[in-house]
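In case you want the letters, here they are:
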Amino acid sequence: MKNSYAYFALLLLVLSQMSCQDKKKSFETTSSVAGDSTLKVPTLENYSNAFKAILKTDAGMVRGLSIGDEMDSIVESAPFSETQPNNGKSYTEYFDDTDLNFADVLYVKDVKNKIGAISVDIFIEKQVAVDSLMNEFKGYFNKKYGQGKGISKMMVWKLTGTSNELLLQNVSTAKDPGLKIIFAKNGNKFLQ
């Protein structure tokens, strides 16, 4: 009789283990399918702190904004830059406590008081950090906008479905390492 109970208990244990395994496999399959669909949309999760500080979000072109948005829709957490342009708004985003690593973000307004171009000048203390950030931006923009064209120091993306272009350029000099990112309409003077 004791052996019957032992066999019965063992059978229940095996069945419950098999049931848990099936549920776990079902969950893993569902999770991996959902995970695959999000891989196509770039997120800022796996990027450096400087990269995240520059873009702020994966929405829009830069910092949640895009060409064609109203100038009044600009809400920035960064302070205004020391000098302001006549035809837009400029902000400075610092990456650390030094004044050596920062980005100046310029929103240029068009004649309709909308964002006509976005320019980001990135200044970083060390060339190695600039090269790393350049690679991060290339990879991110390739995922978001398709394969860019260019050489190692400059890449251009034609944004599908619009007349906008994106320029990513390593503008480093011996004394001032840095990058430049420009979103503008085809033929805009900022892209030249």
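This is a predicted model, so every value here is computed, not measured.

Engineer: Any chance you could explain unusual backbone geometry here in plain terms?
Structural biologist: Negative phi is the rule for most residues except glycine; trans is the rule for most peptide bonds. A positive phi angle, near 65°, is found at K56, a position not held by glycine. With respect to the element layout, K56 can be found in the loop between α2 (49-55) and β1 (88-94). The backbone phi angle of R63 is positive, close to 55°, even though this residue is not glycine.

Engineer: Please clarify how the pattern of salt bridges should be interpreted in this entry.
Structural biologist: One side chain can pair with another of opposite charge once the charged atoms of both are near each other. Within the structure shown, the criterion is met by six salt bridges. Linking E76 and R63 is a salt bridge whose minimum nitrogen-to-oxygen distance equals 2.7 Å. Taken together, the residues E76 in the loop between α2 and β1 and R63 in the loop between α2 and β1 connect sequence positions 13 residues apart. Per residue, the accessibility class of E76 equals that of R63, and both read buried.

Engineer: How should the sheet that holds strand β5 (residues 154-158) be read in this particular structure?
Structural biologist: For sheets, the rule is that strands pair by backbone hydrogen bonds, running either parallel or antiparallel. Read across the open sheet, the seven strands follow the order β1-β2-β3-β7-β6-β5-β4; overall the sheet is antiparallel. A single partner strand is all that each edge strand has here, and the edge strands are β1 and β4 (149-151). Ignoring strand direction, the axes of neighbouring strands in this sheet form an average angle of 10°. With seven bridges connecting them, strand β3 (residues 115-123) and strand β7 (residues 178-185) associate as antiparallel partners. In the sheet register, A117 faces β7, and the bridge partner there is A184. With respect to the sheet, helix α3 (residues 127-145) is in contact with β3, β5, β6 (164-170) and β7, its orientation differing from that of β6 by roughly 160°.

Definitions and cut-offs
- Residues numbered from 1 in each chain as written.
- Predicted model: local features only at pLDDT ≥ 70, side-chain atom pairs only at ≥ 80, totals over all residues.
- Heavy atoms only, no water.
- Helix = DSSP H or I, 4+ residues; strand = E, 2+ residues; numbered from the N terminus.
- Salt bridge = Lys/Arg side-chain N within 4 Å of Asp/Glu carboxyl O.
- Buried < 20%, exposed > 50% of the residue type's maximum accessible area, 1.4 Å probe, protein only.
- Pairing = 2+ DSSP bridges.
- Axes fitted to C-alpha atoms, helices over the stretch in contact; angles between N-to-C directions.
- Contact = heavy atoms within 4.5 Å.

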